[in-house]
Every structure is written in structure tokens, then in C-alpha cells.
Amino acid sequence: MRLRVPLLLAAAVVAALAVVAAGCGGGSEKEGAVGEGKKATSQVLRMAWGAEPPSLDPGLATDTTSSNVLLNIMDPLVRLGPDLQPVPALAESWDVDGKVVTFHLRDDGRWTNGDPVTANDFEYSWKRTLDPKLAADYAYQLYGIVGAEAYNNAKPAQAAALRDKVGVKALDDRTLQVTLTSAQPWFVQQAAHHSFLAVHEPTVERYGAKWTEPQNIVTDGPFKLADWKHDASITLVKNADWRNADRVALDRVEGRIIVDGTTRVQAFEAGEVDALDGGGLPPADMPRLKQLPEYEKYPALGTYYYGFNLKNVPDLNQRRAMAFAIDRQSIIDNVAQADQIPATGMVPKGMPGFETIEQNFLPPRADLTKAKEFMAKADDPKRTITLFYNDAPGHKEIAVAVQAMWNELGIDATIKAQEFAQYLEFLGPPPNDAVYVYRLGWIADYGDPMNFLELWTSKSGNNNSRFASPAYDRLIEKARNTANDEQRYEIYRQAEAMLTGPQGELPIAPIYWYTYTNLERESVMDSFQINPLDQFDLSKVVIKEA
Amino acid sequence: MSATQIAGRMAGVDAGAPIRQSSLWQDAWRRYVRNRGAVAAGGIFLLIVAWCIVAPLVSTHDPNHVDFANAYQGPSWSHPFGTDQFGRDLFTRAALGGRISIGIGFGATLAILGIGVVYGALSGFVGGKLDNGLMRFLDALYGLPYLPFAILALAIVGTVDFWTMVVALSIASWFITARVVRGQIITLKENDYVRAAKAVGVRWYAILGRHLLPNTLGVLVITIFLELPGVILGEAFLSFLGLGINPPDASWGSMAQDGRDAYRAHPHIIIIPSLAIATLVLCANFIADGLRDALDPRTKET
Amino acid sequence: MAAYIIRRLVWTVPVVLLVIFMTFMLMKQIEGNPFRQTERAVPAAVQMNLERKFSLDKPWYVQYANYVKGVATGDLGPSLVLRDRTVNDVVKEQFPRSIELGLLAFGWAVLLGVPAGVLAALKPNSRFDYGAMFFSNVGFALPNFLVATLLIYFVSVKWGLLPTSGWTTWEHKILPSFTLGLVPMAYFARLVRGTMLETLQQDYVRTAKAKGLRWRRIVTVHVLRNSLIPVVTAAAPLLGYIITGSFIVENIFAVPGIGRYYVTAVSARDYSVVMGLTVLLSIIVIAANLVVDILYTILDPRTREART
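Residues numbered from 1 in each chain as written. Chains lettered and ligands numbered in written order. Predicted model: local features only at pLDDT ≥ 70, side-chain atom pairs only at ≥ 80, totals over all residues. Heavy atoms only, no water.

**Considerations on the overall build of chain A**
- Across its full length, chain A carries 18 helices and 17 strands.
- Taken over C-alpha atoms, the radius of gyration comes to 25 Å for chain A, in line with the 24 Å a tight globule of 546 residues would show.
- For chain A, the spread of C-alpha atoms along the three principal axes comes to 80 × 70 × 40 Å.
- Relative to its full complement of 546 residues, chain A shows a buried share of 62%.
- A sequence separation of at least 24 residues applies to 70% of the contacts in chain A between residues at least 6 apart.
- A total accessible area of about 20000 Å² is found for chain A, and carbon and sulfur atoms account for 51% of it. (Helix = DSSP H or I, 4+ residues; strand = E, 2+ residues; numbered from the N terminus. Rg over C-alpha atoms; globule rule 2.2 N^0.38 Å. Buried < 20%, exposed > 50% of the residue type's maximum accessible area, 1.4 Å probe, protein only. Contact = heavy atoms within 4.5 Å. Areas by Shrake-Rupley, 256 points an atom, 1.4 Å probe, with all protein chains shown as cover.)

Here it is as C-alpha cells:
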């Protein structure tokens with residue numbers, strides 16, 4: 001007979017159940033958030049985080065783990081609904097008038113020390129993120145606000161003066177007025193990002209860099225940071241004073257930090273955790289994991305692509321040939337193995353507006369005949385090329401597969417792996433001319449195609465292809481100022497066509513659109529959901545009875 | 001972590017006496033051959049090396065050919081070691097991986113020897129203040145773990161290939177060898193024939209080259225087989241940490257790392273290269289023991 | 001002998017400084033932007049602010065001088081990637097766990113390896129001897145990542161006896177320390193067996209036997225003490241192995257120590273953490289060497305002359 005749960009853990013769960021039973025006189029009959037099934041008496045979620053959060057300061061956090069912890073312990077102005085449109089959170093409503101966005105805050109937002117959450121908190125926090133002294137990595141997320149970039153760029157002497165010129169102002173305790181540089185219709189959506197969270201000024205001022213330690217931190221969200229043992233575990237407890245606390249089912253979230261993918265899976269399979277954080281399952285083990293009933297996959301807003309250096313692969317027909325020779329579906333089925341979606345464009349499926357934007361030029365399966373035709377039409381095709389990628393699980397295998405596919409066209413690709421940080425330096429900016437083809441991925445920051453399409457403007461620091469088209473730049477600029485969604489999506493369609501359409505320049509050959517794969521026990525599977533921006537909302541999770 | 005460090009410590013005790021060279025080696029050979037374990041190990045070692053060289057040449061499978069339909073096959077007649085996730089024949093790839101692993105092993109070991117001999121000979125031969133200084137330095141750093149510095153070295157060069165791996169593995173691993181060589185040189189230096197040579201006026205480089213270094217050869221050969229396991233395992237560790245050699249080339253270490261994630265469904269992918277490493281390491285240890293016994297009968301065990 | 005100790009101590013200072021210098025220079029050679037953790041290019045303003053905040057915009061010799069000053073005062077600087085923490089924080093929180101892992105591994109090695117070696121030596125060429133040496137060879141040769149993976153699979157996942165990973169309760173600590181202790185265990189077994197066999201051959205032992213002293217007393221009083229000296233001296237290179245092995249073991253078993261973070265820090269270009277950890281590890285090794293050398297001098301008078 002197999003012992004699935006280690007003895008001590010079983011004893012702990014039994015003890016917890018006993019305590020809860022004694023205190024509450026039995027479990028409640030309340031249904032779970034989704035579907036039938038009784039709520040379990042013990043609402044303690046054990047999960048595994050895939051990394052140590054480098055920082056729980058909204059101004060300094062850049063990675064997914066920090067973001068997810070933050071969005072569960074803090075209260076953003078808005079959250080994202082199922083269609084990625086903003087839904088009220090701390091802001092109960094907002095008005096958009098051209099370049100001015102006004103948020104109206106609820107009056108029941110509370111910090112864990114009892115102070116009310118006010119618009120001043122947001123003004124302070126956003127300006128703090130832009131403060132050059134803080135050197136926030138994600139300061140650029142706020143550059144859409146008037147005066148933000150100037151302030152962030154300021155020399156110490158001018159900083160104070162420029163701070164007042166930043167276009168975010170608390171008109172009163174419950175009204176936050178934001179003045180933008182251009183219409184940016186997606187701004188409210190963008191405000192769901194963790195870099196727009198408010199922090200508690202007195203705490204930050206008092207503790208300095210240490211304000212995020214569990215004994216110091218003051219938060220305002222559905223959960224409190226009970227404990228953070230660095231590199232080991234993160235423990236959250238329900239914030240009973242939160243404005244919506246009675247709708248939160250979980251009492252505790254015990255998160256272990258496990259960085260190695262296989263170790264995470266082992267912990268799950270040994271019954272030590274009940275959910276992983278969507279950070280990805282080891283590609284090599286995917287065929288087995290996909291068969292498990294606990295396997296779950298979610299669409300993601302991200303594109304995995306190979307970019308061309310237009311200087312080294314100048315012939316459009318060759319690029320078309322190479323793009324057509326890639327068997328996207330085969331790569332997904334045999335290499336990536338996470339049920340990704342073959343990418344036929346830069347903007348991923350699931351992005352609002354995708355139906356309008358979608359181009360149908362690039363094929364999901366390889367079309368070798370067409371590819372060879374294109375190749376034949378190319379004058380002076382480059383037959384020896386280099387393909388660079390960064391050395392992380394999965395990329396190597398895809399490069400090997402694509403190398404073999406391009407061999408069919410008579411192209412000899414030398415693949416070179418580089419360590420990630422060095423790879424990024426190497427790629428540029430400015431683009432590196434030793435590169436013929438490079439691998440990159442882009443994950444969305446917010447739910448508007450602008451996020452993906454603006455990468456290809458000529459001034460973008462993320463444009464490693466040497467793709468420079470004034471017409472394209474103009475389109476993007478126009479889109480920035482088009483408030484109406486339908487009209488904007490039409491402009492995006494034209495932009496995407498310039499990239500991956502039949503007449504497109506093909507600065508990239510997209511390969512697939514990401515998915516988030518996860519393991520979740522059946523007791524939480526229904527309520528534990530990861531949205532396309534890799535966020536999950538623990539306040540909605542309910543543990544069902546086994 | 002090997003017995004060379006004992007040798008190093010008891011530098012005065014474990015020196016090979018300066019017997020005339022020809023009969024030393026003949027005697028050693030005879031003693032070596034009497035040790036069954038060492039002979040077996042030597043045989044297996046040579047067999048593995050031979051397999052690594054020959055198997056890819058006669059194999060009908062292209063080690064880099066991607067064939068998804070055949071992925072993850074278990075061992076069979078046509079694929080004695082099975083296939084990996086790309087459908088590539090593991091028998092051939094393991095042999096090629098062996099070329100790289102063993103190659104890196106010897107490469108790094110020779111580099112270690114090179115640095116160690118220069119440092120140790122210099123220190124031992126010159127003696128005096130230089131020796132003092134060099135040895136203080138060595139004493140302090142003795143046992144310094146090579147892994148952090150190997151990681152740093154690889155980060156500097158960025159791309160991991162055969163030669164960068166050799167360099168990375170050797171920069172912080174030569175301390176033991178240096179000490180052993182110095183010990184040898186110092187002991188040998190005191191011998192009468194060396195003093196005689198000096199008195200007669202033979203140049204220092206002749207003394208070094210004709211008398212001292214050749215007599216350290218025995219110790220050096222032993223050191224090769226003592227350092228080899230460490231280096232091969234070191235390369236495996238680095239590959240495991242993600243700093244392995246560039247694909248489609250593979251070493252045993254990077255093959256093991258590839259296979260680890262899939263170990264539950266397809267354990268052969270991690271087990272085979274790991275066993276290969278283990279076998280080679282074991283053989284090297286036995287050979288080293290055998291050599292040590294052969295070259296110095298006084299340390300022979302009952 | 002006091003002179004010897006003082007001389008050794010004095011020499012450690014320039015060595016430590018040299019190690020710091022070399023690590024610093026090595027770090028400076030590594031390309032890569034510590035502030036670019038994802039594919040997103042860092043806007044110029046942000047990059048500038050970050051460099052100013054971490055003094056990376058100053059010339060290298062200024063940075064080096066500041067760093068040495070910091071080390072001398074015990075301040076290893078802020079982490080470039082873990083924004084809420086300093087290197088001292090990382091060391092304070094995570095280093096003790098690595099030490100614990102290392103000590104436990106060493107404990108396994110002494111607990112299982114030394115008795116195995118002793119018993120094997122007392123019954124040479126017996127089945128126990130061959131068996132012990134076989135296991136010790138296997139333990140030495142099998143790569144620890146394979147052992148770790150297999151142990152976790154069988155002991156944790158399949159049989160549910162121990163946790164798969166983590167470092168909280170004593171059950172968590174068994175597998176990782178055992179895995180790390182395998183090589184030292186094997187090494188000690190062989191070493192102790194070898195030195196004991198040698199000692200047993202010595203004249204004074206045969207004399208004692210001839211004199212009629214009880215065998216047990218001979219073994220424990222004379223033989224053991226002399227055989228264990230090499231164990232002490234083996235400690236230094238074994239420390240090197242334990243540090244090296246911990247990088248792998250901590251990774252696989254999710255032990256939140258510094259070995260696990262080192263690799264992450266290098267790839268994330270967290271210069272200050274890498275520098276801090278490397279310098280720290282080096283100082284530990286240097287200190288360990290010093291202690292071992294002194295111990296050795298105390299324990300074995302024969303080597304005192306050879307040590308000049």
C-alpha cells in the first residue's frame with residue numbers, strides 16, 4: 001500500500017481540521033465559486049512558487065512571482081476580467097475624457113494598520129516609482145503619464161521640481177486624476193499591473209528598504225503577508241478586514257519556493273503541494289504530465305518568435321521561405337509539448353481585437369512546396385546563417401528542430417547558445433550584426449495589442465531586427481491616439497499586415513503563442529485560474545471537499 | 001579528496017627512490033599487472049575509450065538526425081540504448097558524448113598538471129623565500145572549491161564549448177598537484193646524485209629536465225588518474241547546472257541533464273550517461289590505486 | 001609553534017585580498033546587464049538611475065576600493081537583483097542553512113564512513129571488507145544528481161517516507177545531507193581502512209600485541225588515534241567537495257542555502273551577491289585550512305619540521 005502523504009503533514013491537516021471543526025461546529029454547505037461540491041473544512045492552500053520574489057515593493061518588482069504575490073496582498077485600482085477588460089477593484093468607477101482619466105476610489109479600502117486607503121496613497125506611490133532615486137525598473141510602465149519620463153530622467157538637482165509636474169494628482173481622498181501624454185485607450189487596463197499599486201507611505205518612510213519584511217509590511221489586499229522565509233517559503237493569511245473579506249474562502253496560503261522544475265513536480269506528486277504557480281512544467285516530462293488528471297493549461301498572451309536581422313537576411317523571399325519551412329504544429333507537438341498555438345502573427349490569440357488583426361498568411365504547418373518556391377525566387381540567398389538563442393530549457397530543442405527544417409531549403413544554420421544575461425547584452429540594442437536569426441519571446445504587460453506592435457517601431461529598444469518603416473511608425477502613432485476600440489483594432493490590423501501579412505516585411509517568423517501549464521489538485525482545479533497575463537487571484541480560490 | 005593529498009602531506013615519505021629508470025618502470029609494470037582489480041579497470045577504461053572512438057564511426061544512425069516518430073524508445077536491438085526525445089540514437093550519442101567528456105577530462109587534467117608542475121617545480125626547485133611565499137599562498141587556497149570559479153569563468157566567456165570548459169575546470173583545481181610536485185622535487189633535490197650534478201656545474205634546467213622531472217613522472221601519472229574523476233564529475237555538475245556544452249554536441253553531463261526531467265517516464269536517458277560517468281570514475285580510481293601500489297611498494301596494503 | 005601559527009595568520013590577509021581582487025576582476029569581465037532580467041530592453045533613463053543607485057557608474061578602481069572597505073567593515077553591499085535585501089541579509093539568512101547541510105553531510109560521513117573503514121580494516125579481505133569497499137566505490141562514483149533524483153523518487157514519491165524537498169523539519173534534512181555525505185562517506189571509509197591497515201602493520205602495534213595487551217585496547221588507544229589523523233587532514237579538500245556538491249544538492253532538494261542561489265546570482269548578474277559569496281567561501285576555506293594545519297601540527301609531531 002502506498003503512503004501518499006508524509007505522516008507529519010497528515011497529522012497537521014488532521015489537527016487543523018479538528019481545530020476548525022471544534023471552533024465552527026462542522027463545515028458549511030456553501031458551494032464553491034464554480035460548480036458543485038462542498039467546501040472543505042480546511043481552507044489551507046499549499047502551493048509551490050517557482051522563484052524567490054526579488055522584491056515585494058511594487059516599485060521594484062519586475063517578475064511574475066513578485067507580481068502574483070503583490071496582487072494578492074494588495075488592492076489595485078482595477079483588476080482584469082475574463083475578457084481582459086478592467087473591472088472595478090479599489091476604484092469603483094472611472095471617467096475617461098480624452099487624455100484625462102479620473103478614478104473614483106471606494107471609501108472602504110483599508111490598510112492593515114487601520115488607515116484608510118486614499119487617492120493620496122496612489123499619487124505618492126506612482127511618483128515614488130518614477131523617482132530617479134528609487135531607480136525602479138518598471139518606471140517606464142508609467143511613461144504614458146505627462147511628465148513621467150522627464151521626471152524619471154531627471155538629474156538630482158532638477159528632480160524635485162519635475163516631480164510636481166507629473167500628471168497624477170489626488171483631487172481629494174477619493175479622486176485620483178491622471179493626465180496622459182496621448183489618448184492611450186488601454187491605460188485603465190494597464191492600471192491593473194502591479195507597478196500601479198499603492199504603498200503605505202508612513203511604512204515606507206519608516207523602514208526604508210526593509211519595509212517589505214513581514215514584520216514591517218502594511219498592505220491593503222485580500223491576504224496578508226504572514227511570513228516570508230527568504231528563498232524558502234511565503235505564507236499568506238486571510239485579511240479579515242478587507243473590504244470583501246466575506247467572499248474570500250481561503251484562510252491560509254502556504255507557499256514553498258521551489259526553483260527546480262522537476263523538484264516542483266515531485267513535490268506535487270508526493271502530495272506535498274496542491275497547486276503549482278503556472279510557472280511552467282519541464283518540457284521533457286510533458287508527454288507524461290499531460291496525461292495526469294491534474295494537468296491544466298491556460299492560454300497566454302505571449303509570442304515565441306525567431307527574429308531576422310534584416311541586414312543579414314535582406315531578401316524578403318528568403319525570409320518567407322524560412323518562415324514557411326517551420327513546421328509550427330510539429331514543434332508544438334514534439335518539442336514544446338504544452339499545447340501551444342501555432343503563431344501566425346505577432347499579436348497572440350486571446351488579445352482583445354485578435355479577430356480583426358489576425359493575418360492568415362503564415363501556415364500553422366510547414367508548407368515546404370511554397371517555401372521552396374520562395375527560396376527559388378530569392379536572389380542571392382544566404383545559405384550559411386547563425387541562429388542564436390539563450391540557454392534555457394526548451395529553446396535548444398526548438399532550435400535543433402528548426403535547424404533541421406531549414407536544412408531542407410539548403411540552408412545550413414549554425415546554432416549558438418548563450419547564457420541569458422549575456423545573450424540579452426549581445427542582441428542589443430543596437431542590433432548585433434553577427435546575428436542572422438535570433439530567438440525571443442514577448443509576454444504581454446497589459447491587454448492591448450499595442451504592447452506587441454510597438455516593439456517594431458524604429459525607435460524601440462526591443463526591435464532587434466533592424467526593421468525600420470516610417471509608415472509603420474506612423475500607424476502606431478495613430479493608434480496611440482485612437483480611443484475607439486474598433487477603429488484602433490483596424491489600425492492594428494494594418495500594422496500586423498506590414499509585419500506578417502502577405503505583403504509584410506517579415507522581420508520575424510513567429511513560432512507559437514504561449515500557454516501556461518500547471519498542475520492543480522482536483523479539489524482546487526475549478527477555482528484556481530491563471531489569466532492570460534499569468535495572474536491568479538487567490539481570493540477566488542475555494543478548496544472543495546475531496 | 002583523493003589520496004594525492006596524503007601524498008602531498010607526507011611529502012618526505014612517499015618519494016620514489018631514484019632507481020635507474022628502465023627497471024623502475026619494468027618493476028612497476030610487473031607489480032601493476034599482479035593487481036587484478038587494476039588490470040580489470042584498465043581494461044574497461046580502454047574499452048570505453050575504444051567504444052567512444054569507434055562506435056560513431058560504424059554506427060548506422062546519424063546522431064543529430066531529428067526523428068520525432070521514434071522519440072523516447074527504450075533499449076532495443078536497433079537502439080541498444082534507446083532514443084532520446086528527438087528520436088536520436090542514444091548508443092551513438094553516448095559514444096560521442098564520451099569523446100567529449102573524456103576529452104574534456106584529459107584536457108583539463110593535463111592543464112591542471114601543466115599549471116601544477118610549473119608552480120610546484122618552481123617553488124620546490126628554487127626554494128627559499130620564493131618557495132615560502134608560493135607555499136603560503138597555496139596553503140591558504142588549498143581545497144578552494146573549483147565550482148564557483150568555473151561558473152564565473154564560463155559566465156565570462158559566455159559560450160560553452162570544449163576549450164572553455166577545459167579552462168573553466170582547470171583554473172581552480174591545480175592546488176593539489178602543485179603541492180605534490182613541489183614535495184617530490186624537494187625530496188629529489190636532496191638526493192646525492194642531484195647534489196653531485198650541481199657540484200659538477202650542470203645547469204639548473206638540465207638538472208630539472210634530466211633528473212628531477214622524469215622522476216616525478218610516476219607521481220604525475222598517478223595524479224592524472226586521480227584528477228580525472230573530479231574533472232569528469234565537474235563537467236557533469238556544470239552541465240547539470242545548465243552550463244553544459246552547446247547543442248547538438250553533448251557530453252555525458254549534458255545528456256544526463258536533458259534526461260533528468262523525463263526520468264519518471266524514461267529513466268534510461270539519465271541513467272545511461274550517469275552510469276557511464278560512474279564507470280569511468282571507478283576505473284580511474286582503481287587504476288590510480290594500482291599505479292600507486294605499483295610505483296611504491298611500501299604503501300601496498302595487505 | 002606559536003610562531004608558525006602567527007606566520008600563517010599573517011599570510012592569510014594578502015591571500016584574502018588577492019582573492020577579492022581576482023573575483024572582482026573576474027566579475028567585471030562578465031558581460032551582461034544585471035538590470036535586464038527579461039527580454040525587455042531597459043530604457044536609458046532607468047538604466048542610468050540604476051547604475052547611479054548602485055555606484056556602477058563610477059570607475060572600476062573606485063568601486064573596488066569601496067568594496068574592500070565594505071568587506072573590512074563587514075558590509076557586503078546591496079544585492080543588485082534582490083532589491084529588498086543586502087548581501088549581508090542573504091548571507092545571514094541562507095548561509096546557516098548551507099552550513100547545517102554541510103555539517104550534517106560531514107556527520108553522515110563520519111557516522112557511517114569511519115566505522116565502515118575501521119571494521120573493514122579489522123577484517124581485511126572479508127566479505128564485509130569487499131562489500132564496504134564496493135559500496136564506497138559506488139557512492140564515490142555515482143554522480144550526486146542521479147542519486148538525488150532516484151532517492152527522491154523512491155523514498156519520497158513512491159514510498160512517501162520523507163519529504164521531497166525543502167528544509168524545515170528534521171525529516172527534510174535527511175535525504176539532502178545523506179546525498180551530499182555519500183562521497184565524503186566513501187572517501188573516509190577507504191581512507192580510514194587504508195591508514196588503519198598501515199598502522200596495524202607498524203612495529204609498535206606488533207610489539208604491543210606481543211607484549212600481550214588486549215587487542216581492543218590496542219585498537220582503540222593506539223591504532224585509532226593514529227589512523228584518524230589523516231581524517232583530519234582530509235577535511236579541507238572534503239570541504240571543497242561539500243561546497244561544490246551543495247550547489248547541486250541544494251538545487252535539487254530546494255534547500256534555501258547559498259549554493260542554490262549562487263548559480264542564479266551569476267546568471268542574473270547579481271554582482272554583489274556573487275562577489276560576496278565567492279569571497280565568503282574562499283575565506284571559509286582559508287580558515288579551515290589554517291585550523292586543519294594547526295590541528296595537524298598538534299596531532300602529528302613528525303610533520304612539524306617538514307612544515308617550514
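**Thoughts on the interface of chain C and chain B**
- On the chain B side, the residues contacting the 59 residues of chain C number 48 residues.
- Buried surface at the junction of chain C and chain B, summed over both partners, amounts to about 5200 Å²; 71% is from carbon and sulfur atoms.
- Summed over the shared surface of chain C and chain B, the result is one salt bridge.
- A salt bridge links R190(C) to D289(B), with the nearest nitrogen and oxygen atoms 2.9 Å apart. (Buried area = accessible area lost by both parts, 1.4 Å probe. Salt bridge = Lys/Arg side-chain N within 4 Å of Asp/Glu carboxyl O.)

**Thoughts on the confidence of the model for chain A**
- Here chain A shows a mean pLDDT of 88. Residues at 70 or above account for 93%.
- Long-range and interchain partners of residues 1-11 of chain A, a stretch whose pLDDT sits below 50, account for 15 contacts in this model, where long-range means more than four residues apart. (pLDDT = per-residue confidence, 0-100.)

**Some details on the interface of chain B and chain A**
- Tallying the contact residues gives 21 residues for chain B and 24 residues for chain A.
- Across the chain B to chain A interface the summed buried area is about 2100 Å²; carbon plus sulfur atoms make up 52%.
- Considering only the side of chain B, the residues that lose the most area to chain A are F68(B), P247(B) and D261(B), jointly responsible for 27% of the buried surface there.
- Counting every contact that joins chain B to chain A gives three salt bridges.
- The salt bridge partner of D260(A) is R260(B), with a shortest N-O separation of 2.9 Å.
- Taken together, the links from chain B to chain A amount to seven residue pairs in polar contact (both at pLDDT 80 or more).
- Listed by contribution, the elements that provide at least two residues to the side of chain B that touches chain A are α6 (146-157) and α11 (252-260) of chain B.
- In the side of chain B that touches chain A, the residues fall into eleven nonpolar, five polar and five charged. (Polar contact = N/O pair within 3.5 Å; in protein donor to acceptor, adjacent residues only side chain to side chain. Nonpolar A, V, L, I, M, F, W, Y, C, P; charged D, E, K, R; others polar.)

**Details of empty space enclosed by the protein**
- For the coordinates displayed, the defined rule picks out seven cavities of 30 Å³ or more.
- Space inside the second largest cavity adds up to approximately 170 Å³.
- Residue lining of the second largest cavity: 20 residues in total, with D84(B), Q85(B), R88(B), R93(B) and D258(B) positioned closest to the centre.
- Those elements giving two or more residues to the lining of the second largest cavity turn out to be α14 (395-407) of chain A together with α4 (90-126) and α11 of chain B.
- Per-class residue counts for the lining of the second largest cavity are eleven nonpolar, two polar and seven charged. (1 Å grid on protein atoms, 1.4 Å probe; cavity = no way out; pocket = protein on both sides within 12 Å on 5 of 7 lines; lining within 4 Å. Points joined across faces, edges and corners; volume = space filled by probe spheres on them.)

**What to know about the sheet that holds strand β15 (residues 412-418) of chain A**
Residue and element names in this part refer to chain A.
- Pairing in this open sheet of six strands is mixed, and the strands run β13-β17-β12-β16-β14-β15 from one edge to the other. Only two strands of the sheet have a single neighbouring strand rather than two, namely β13 (341-342) and β15.
- Pairing of strand β12 (residues 295-308) with strand β17 (residues 508-519), which is carried by ten bridges, proceeds in the antiparallel orientation. Residue G307 lies in a different strand from β17, and its bridge partner there is I508. (Pairing = 2+ DSSP bridges.)

**Re the nonpolar core**
- Among the nonpolar cores identified, the biggest contains 340 residues, and F103(A), W126(A), W406(A) and L538(A) are the most heavily contacted of them.
- For this core, the leading source of residues is helix α10 (residues 204-243) of chain B, giving 19 residues.
- Leaving out residues up to four positions away in the same chain, W406(A) has contacts with Y306(A), M322(A), A325(A), I326(A), I385(A), L387(A), I411(A), A413(A) and V437(A). (Core = buried A, V, L, I, M, F, W, Y, C linked by side-chain atoms within 4.5 Å.)

**Describing the environment of P342(A)**
Residue and element names in this part refer to chain A.
- Mapped onto the secondary structure, P342 falls in strand β13.
- A relative accessible area of 14% means that P342 is categorised as buried.
- A C-alpha to C-alpha distance of 8.4 Å links P342 and P363, two positions 21 residues apart in sequence.
- Apart from residues no more than four positions distant in its own chain, P342 is found in contact with R328, Q329, I332, P364, I511, Y512 and W513.

**Description of the pattern of salt bridges**
- Summed over all chains, the structure comprises 44 salt bridges over all chains.
- A salt bridge links R243(A) to D75(A); the nearest nitrogen and oxygen atoms lie 2.8 Å apart. Taken together, the residues span a long stretch of sequence, with R243(A) in the loop between β9 (233-238) and β10 (252-257) and D75(A) in the loop between α2 (64-73) and β2 (78-80) at a distance of 168 residues. The burial state of R243(A) is the same as that of D75(A); both residues are buried.
- With its nearest N and O atoms 3.2 Å apart, the salt bridge here joins D537(A) to K540(A).
- A residue is classified by how much of its surface remains accessible, and K540(A), at 51% relative accessible area, is exposed.
- Residues joined in a network through salt bridges with shared partners are E269(A), D285(A), R288(A) and R264(B).

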